[in-house]
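What follows is each chain in one-letter form.
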Amino acid sequence: MAHHTLTASELTAAVLDPDWRARWCAGERPSTRSFAPPGTPRAMSLRFHKEAEALVRWLTAPASLAAAARLDTADSLLDHLWASSLQAVTDKLFEKGRGEEAQLFTARLRTFCTRLIDLRRRATHFENWQDVFVGAEQELARIPVRIGDDTVEVRARVDAIRIHPERHLEVVDYKLSQGDRQRADLVQLAIYAHLLPIWRPGCGFSGTLEYYLPDFGEVPVSRDDLADIFSGMVAPVLREMFPSARPATAAGAAPTAAPASGPAAAHSDPGAVGRAVVAAFRGFNLEVEVAGVIEGPQLVRLRLAPAPGVKVSSLANRAEDLQIPLSLSVPPLIRAGKGHVILDLPRPEPKPCLLKEALAGRLAATLKSPVAFPIGIGVEGDPVVADFADPNTCHALVAGSTGSGKSEWLKALVASLVLRNTPAQVRIALIDPKILTFAGVEDSPWLWRPPATTLADAMAILRAATAEMDARYQRLKRGGFANLAERIAAGETDIPFLVLIFDEFADLVLAGRDEKREFEALVARLAGMGRAAGIHLVLATQRPDRTIVTGLVKANLPLKVCLKVANAVNALIVLDEPGAESLYGKGDLLCDFGKGLVRAQGLFVPQAEFLAAVAPPRRGGRRG
Ligand SMILES: Nc1ncnc2c1ncn2[C@@H]1O[C@H](COP(=O)(O)OP(=O)(O)OP(=O)(O)O)[C@@H](O)[C@H]1O
């Protein structure tokens, strides 16, 4: 299969100018400069984009989020820009005798600030600027666009991705001149809107062209119109430029789904649910067939084969619309699977998955190492497991809004560890600011320290764990062992694994700048070096926004377990994909081991069983 790359600007040039396209097809790399809008010096346009990017990045950066959220007038935003860079830029222009240009530049940025305030007012529940912007100057590197059997990699950089009210996403292109270039602007926007769902499957993007002339002008473009521009103008040009494409398949179309095989085939009667889904999609001119039905504990999974030319994103974009014909309380989760599209619907009577029953069944055999643990039961009934000893799952981030089943998930984790290990093998530290989650476990011999419920105690546990880690490294070094597992395998069993579990770490991040810095530094140290010393971190939060789940925290916790979250932005922050906002709650989860998302139902442990599991063993037996 041949590979080709081109930029979104080159593709726009090819669409708009047959001569340019002919030269490109002849092997030249013609300049795209002539497609830059006339009227604005290129340097000033670049400078404007730079200033806009810097401002948006500052508005949405965790460190400045709270201060930025207080800026609610165009003047206050402009004052910030002025102090940070604008004054220096305009001073330079004045020095060079380009005063008029400096004034125009400032006027454009003033308009930009006014627009930001309008967007702030437009946001449904504004708490901070992350409720307006998802990204600024987002690089889309090598996005694979399918054309028949061929793949073309398109590179682009989009000015901004924003949240539109009603939680839609919009891609925004800033323009400093209008003239007769709007056709080119629309083509470019349509290319961006086509690339973005390939970059972030499951997301659909409307678009907006924003003109800063310096007066403000806006051209909003719907998702459907952008898709029409792409299929009518861009896709035929791509096929002409890459002639090995087969004409029957549109550019970017999802591969035709293969029929389901394996366990799905056993349940392949589409049934009434399948027919309702097919009919609902047909109402939107989207043809699909049901290739298999699987009944999981909490949901029914349909495997759909889309007709040629029907894109996964077109199906996913209809999730909300399906709520009405299918009488659903939340939109169904629709995403690409291997050879088919997955659509999950809730079971009318979901079955809880009990840890005890799972351990009596297939789960026990799948938990190989002492610190292997269940994440849940997958849709097809198989246990989904992880292992703290595995570098891909050695530390975990757990996110979920209130009622999603986060605390229950943590309790099942604790129970599974204590049921399979003696206190000499595994110790647990519990940080429980909610106080209730782990109430009643104070006497457990598996505890490494008493449960921490205050910020100070939580920090003390983290500090103690790093000191413990350093001491363990010394002992491992003296014994000539690379890690704790190796030492245990050699018969030296006097050091237990240590698992630190935080049922809410947001307070530690929000406590203050110094506390946050120390917290992040300790997490980074433990995450980086803990595995070899048998020390593992599980950080849970109800608030998976960028303030709490900072880049540092996220990067250090390889396993992500995401229960139902409040919105698609939260899901994106945890899993780099939307979808977790459509989970059903009560233990329904998506997890990421670094190899794609897996949906599972978290295991449930009734409170009495939990307390019995963690209680001191009775005389003559290992547990009560
Ligand atoms: N795995 C599960 N199976 C069945 N029901 C569950 C499961 N997990 C949670 N639930 C149900 O959902 C309720 C809420 O769960 P949980 O207390 O864990 O939520 P949470 O995400 O911790 O919320 P909060 O952050 O407000 O404490 C539980 O009381 C239980 O009834």
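The name an unreviewed UniProt entry assigns to the protein is DNA translocase FtsK, from the organism Rhodoplanes tepidamans. Listed in UniProt under the heading Subunit (unreviewed entry), the comment for the protein reads: "Homohexamer. Forms a ring that surrounds DNA." We quote the UniProt Sequence similarities (unreviewed entry) comment for the protein here in full: "Belongs to the FtsK/SpoIIIE/SftA family."

**As for the pairing of strand β12 (residues 383–387)**
Most of β12 sits out of view: four of its five residues are buried. With antiparallel pairing between neighbouring strands as the criterion, strand β11 (residues 372–378) and β12 make up a hairpin whose turn holds four residues, including Gly 381 at a positive phi of roughly 90°.

**Quick word on the pattern of salt bridges**
Under the counting rule described, the total for this entry stands at 36 salt bridges. Glu 139 is paired through a salt bridge with Arg 157; the nearest N and O atoms lie 2.6 Å apart. Of the two residues, Glu 139 is situated in strand β2 (residues 133–147) and Arg 157 in strand β3 (residues 150–164); the sequence distance between them amounts to 18 residues. The partner of Glu 210 in a salt bridge is Arg 162, with the nearest N and O atoms 2.8 Å apart. Highlighted residues: Glu 210 in strand β5 (residues 205–212) and Arg 162 in strand β3, separated in sequence by 48 residues. Residue class for Glu 210 comes out buried when judged on its relative accessible area of 0%.

**Let's talk about the sheet that holds strand β8 (residues 299–306)**
Strand order in the open sheet formed by four strands is β7-β8-β10-β9, and the pairing between neighbours is antiparallel. Of all strands in the sheet, those bounded by a partner on one side alone are β7 (288–295) and β9 (333–337). On average, each strand axis in the sheet is tilted by 25° relative to the strand beside it, whichever way the strands run. Of the strands in this sheet, β7, β8, β9 and β10 (340–346) are in contact with helix α9 (residues 271–282), which crosses β8 at around 50°.

**Notes on the domain arrangement of the protein**
The domain architecture assigned to the protein consists of domain 1 (3–241), domain 2 (262–346) and domain 3 (355–614). Each of domain 1 and domain 2 has a C-alpha centre, and these two points are 34 Å apart. Contacts between the two partners involve eight residues from domain 1, matched on the other side by six residues from domain 2. Roughly 460 Å² of surface becomes buried between domain 1 and domain 2 when both sides are summed, with 43% attributable to carbon and sulfur atoms. Taken together, domain 1 and domain 2 are joined by zero salt bridges. At the junction of domain 1 with domain 2, the criterion picks out zero residue pairs in polar contact (both at pLDDT 80 or more).

**So, the environment of Leu 345**
Residue placement: Leu 345 occurs in strand β10. Leu 345 gets classed as buried once you look at its relative accessible area, which sits at 5%. Between the C-alpha atoms of Leu 345 and Phe 438, which are 93 residues apart in sequence, the distance is 33 Å. Residues in contact with Leu 345, not counting those within four places in the same chain, are Val 273, Val 277, Leu 299, Val 300, Leu 302, Leu 326, Leu 328, Pro 332 and Tyr 584.

**Quick notes on the side chain of Asn 570**
Within the element layout of this structure, Asn 570 appears in helix α20 (residues 568–575). Classification of Asn 570 by relative accessible area gives buried; the value is 11%. Each residue touching Asn 570, except ones within four places of it in the same chain, is listed here: Pro 544, Asp 545 and Val 565.

The rules behind each value
Residues numbered from 1 in each chain as written. Predicted model: local features only at pLDDT ≥ 70, side-chain atom pairs only at ≥ 80, totals over all residues. Heavy atoms only, no water. UniProt positions renumbered as here; feature names shortened; annotations may be inferred. Buried < 20%, exposed > 50% of the residue type's maximum accessible area, 1.4 Å probe, protein only. Helix = DSSP H or I, 4+ residues; strand = E, 2+ residues; numbered from the N terminus. Pairing = 2+ DSSP bridges. Salt bridge = Lys/Arg side-chain N within 4 Å of Asp/Glu carboxyl O. Axes fitted to C-alpha atoms, helices over the stretch in contact; angles between N-to-C directions. Contact = heavy atoms within 4.5 Å. Domains from an automatic or database assignment. Buried area = accessible area lost by both parts, 1.4 Å probe. Polar contact = N/O pair within 3.5 Å; in protein donor to acceptor, adjacent residues only side chain to side chain.

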